[in-house]
Amino acid sequence: MPRIPHNKGDKFQVLNLLGRLTRRFQPPYTDWFLRKLYNPDERREDFFEIAIPYDQDLYININSSSYIEWTIFFYGYHEPELARAVKQILRPNATAIDVGANIGGNTLVMGRIAREVIALEPNPLVFNRLSQNVALNRLRHVRLLQCAAGEKQDALTLYSHDASFVNQ
């Protein structure tokens, strides 16, 4: 049976409003409150999908059954320190490489700044999300490669959880 997002009803409306608020303000106990209200480890069936504003003028697709996407929905970033560092260090004429790009949180930030971005993501399920996020933002100078990086060229087996696992 296919999993269906729950993008309707009062609960979704409350969570959507809460997400917009917590992306701007995180008072003490925000994480405790969010985990009690909508725990990211329990989102296998009770999830929603939505595209939200991301890092000024970008958008990112959110599926709240994914831990990383849950974090972005409620906090604005998965790794805010890394996004800040990318914005401070990366220059407009640069080529950036995002190894293990996942859904593209840092790839998108790089894509807004750099002349060229190469993003590597070996997991087919996650690569699909990365592709959707790059396409959503029309970042034509971002090249996506479904592969891993290593010291030698070789074919390896990627072991991964199925799509229902919250942290891909």
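Above this text sits the structure in question.
As the structure is a prediction and not an experimental result, all values here were calculated from the model. (Residues numbered from 1 in each chain as written. Predicted model: local features only at pLDDT ≥ 70, side-chain atom pairs only at ≥ 80, totals over all residues. Heavy atoms only, no water.)

Undergrad: Teacher, can you tell me more about the packing of aromatic side chains here?
TA: All told, the structure shown has 9 aromatic pairs when counted by the stated rule. Consider the rings of Tyr67 and Trp70, whose centres lie 6.4 Å apart with planes at 15 degrees: the pair is stacked. Linking Tyr67 with Trp70, this pair stays in helix H3 (residues 67–75), spanning 3 residues, or about one helical turn. Using a relative accessible area of 1% as the deciding quantity, one classes Trp70 as buried. Among the aromatic residues, those joined into a ring-pair cluster are Phe12, Tyr38, Phe48, Tyr67, Trp70, Phe73, Phe74 and Tyr75. One residue, Arg23, lies across the ring of Phe73, its end atom 5.1 Å from the ring centre. (Phe/Tyr/Trp six-rings, centres within 6.5 Å; stacked < 30°, edge-to-face > 60°. Helix = DSSP H or I, 4+ residues; strand = E, 2+ residues; numbered from the N terminus. Buried < 20%, exposed > 50% of the residue type's maximum accessible area, 1.4 Å probe, protein only. Lys NZ or Arg CZ within 6 Å of the ring centre and 35° of its normal.)

Undergrad: What am I meant to see in the pattern of salt bridges here?
TA: Opposite charge on two side chains permits them to pair, given that their charged atoms come into close proximity. One pass over the full model with this rule turns up 7 salt bridges. One salt bridge connects Arg112 with Asp55, and the closest N-O pair in it is separated by 1.9 Å. Taken together, the residues Arg112 in helix H5 (residues 105–113) and Asp55 in the loop between strand S1 (49–54) and strand S2 (58–63) connect sequence positions 57 residues apart. Exposure remark for Asp55: the relative accessible area of 6% places this residue in the buried category. Given a relative accessible area of 27%, Arg112 falls into the partly exposed group. Each member of the salt-bridge network shares a partner with another, and the members are Asp55, Asp57, Lys87 and Arg112. (Salt bridge = Lys/Arg side-chain N within 4 Å of Asp/Glu carboxyl O.)

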